[in-house]
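Topology and contacts: notes
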Amino acid sequence: MKLKYKIKEVKPNIFAVIVKDNYDRAMLFCRGQEYYESPNKKFRGKYFSIWDYIEWYSREHGDVFTYTFDWGGFNIPFDVIDKCYSSCEMETPYDDVMYEIVCEIERKKDDKKKAYIIGADSLESDTFEHETCHGLYYTNKEYKALVDEITIAIPIKDYLTFRNNLKNMGYTDSVMNDEIQAYLTTNWDYKKFMNGVDKKVCKELHKQYNNIFSKF
């Protein structure tokens, strides 16, 4: 299988894998992303069969595998995806390609620092910026500290609303603060995320987060 992709180190130790085709990008990242943060404990942190995952996800979405429509951007700590592919069974051509990507990034990254891999459609899209926020949150202590200060100051009612919306969107508790800072930096007016929070509040928070993001 010939899959077109490009790898670029967009920030120190943050590697973007650019795949223009939405279907190919989703299938390429599916195993690693769900190993990292699947809401189903049967798959999160486990070496699972991709066919079992496809069946479960389809059952959850009206017996249709909508994953490639539902998710467009991806973000995974490098050590997590490296562990995932260190001993999992290569069941599809997408597994083979991702293994090659992981090996290539292994050769390029700085072993003394945390590394991150993101997936997007281009280097100019909102999806790319959103995933870069995740990369910075994981690899850059200063960035994380600054955006966490904003997150901590969010009124508790609004914070809990954001969390509930994210859970309904399929995110797990472990990534809530990371997702809040990423959405409010880049996709602050996405209806599923901001539902129940005043638009003016979201816009003001966006300004605060975006001001930090622009400095990195």
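The preceding data block contains the structure.
Report on the accompanying structure. (Residues numbered from 1 in each chain as written. Predicted model: local features only at pLDDT ≥ 70, side-chain atom pairs only at ≥ 80, totals over all residues. Heavy atoms only, no water.)

The secondary structure content of the protein amounts to eleven helices and four strands. The C-alpha atoms of the protein give a radius of gyration of 17 Å, which matches the 17 Å a tight globule of 216 residues would have. For the protein, the spread of C-alpha atoms along the principal axes amounts to about 45 × 40 × 25 Å. Counting the 216 residues in the protein, one finds 50% classified as buried. Considering only residue pairs separated by 6 or more positions, the protein has 64% of its internal contacts joining residues 24 or more positions apart. As displayed, the protein offers around 11500 Å² of accessible surface, 49% of which is attributable to carbon and sulfur atoms. (Helix = DSSP H or I, 4+ residues; strand = E, 2+ residues; numbered from the N terminus. Rg over C-alpha atoms; globule rule 2.2 N^0.38 Å. Buried < 20%, exposed > 50% of the residue type's maximum accessible area, 1.4 Å probe, protein only. Contact = heavy atoms within 4.5 Å. Areas by Shrake-Rupley, 256 points an atom, 1.4 Å probe, with all protein chains shown as cover.)

We now examine the packing of aromatic side chains. In total, this model carries 21 aromatic pairs according to the counting rule given. Here Tyr183 and Tyr190 contribute two aromatic rings whose centre-to-centre distance is 6.2 Å and whose plane-to-plane angle is 15 degrees, an arrangement assigned as stacked. Its relative accessible area of 8% is what places Tyr183 among the buried residues. Pairwise contacts between aromatic rings join Phe29, Phe43, Phe48, Tyr53, Trp56, Tyr57, Phe65, Tyr67 and Phe74 into one cluster. (Phe/Tyr/Trp six-rings, centres within 6.5 Å; stacked < 30°, edge-to-face > 60°.)

Once that is clear, we can look at the pattern of salt bridges. Within the structure shown, the criterion is met by nine salt bridges. A salt bridge links Lys109 to Asp111, with the nearest nitrogen and oxygen atoms 2.9 Å apart. Lys144 is the partner of Asp148 in a salt bridge, and the nearest nitrogen-oxygen pair spans 2.9 Å. In this pair, Asp148 and Lys144 are both assigned in helix 7 (residues 141-152), four residues apart and thus about one turn of the helix distant. Asp148 gets classed as buried once you look at its relative accessible area, which sits at 14%. With a relative accessible area of 33%, Lys144 lands in the partly exposed category. Connected via shared salt-bridge partners are Arg31, Glu91 and Asp95. (Salt bridge = Lys/Arg side-chain N within 4 Å of Asp/Glu carboxyl O.)

Attention shifts here to the side chain of Ser38. Of note, Ser38 is situated in the loop between helix 1 (22-37) and helix 2 (50-60). Of the polar contacts made by the side chain of Ser38, one reaches the backbone nitrogen of Asn40; its length is 3.1 Å. Apart from the residues within four sequence positions on either side, Ser38 is in contact with Gln33, Phe43, Arg44, Tyr53 and Thr172. (Polar contact = N/O pair within 3.5 Å; in protein donor to acceptor, adjacent residues only side chain to side chain.)

For the rest of this paragraph, the subject is the pairing of strand 2 (residues 14-18). With respect to burial, strand 2 is a largely interior element, five of its five residues being buried. Residues of strand 2 alternate between two faces, with Ile14, Ala16 and Ile18 on one and Phe15 and Val17 on the opposite face, all of them buried. Here strand 1 (residues 6-11) pairs with strand 2 via five bridges, running antiparallel. Looking at the pairing, Lys6 lines up with Ile18 of strand 2. Between the end of strand 1 and the start of strand 2, which pair antiparallel, lie two residues, with Asn13 showing a positive phi angle near 65 degrees. Pairing of strand 2 with strand 4 (residues 116-120), which is carried by five bridges, proceeds in the parallel orientation. Pairing of Ile18 across the sheet is with Ala120, part of strand 4. (Pairing = 2+ DSSP bridges.)

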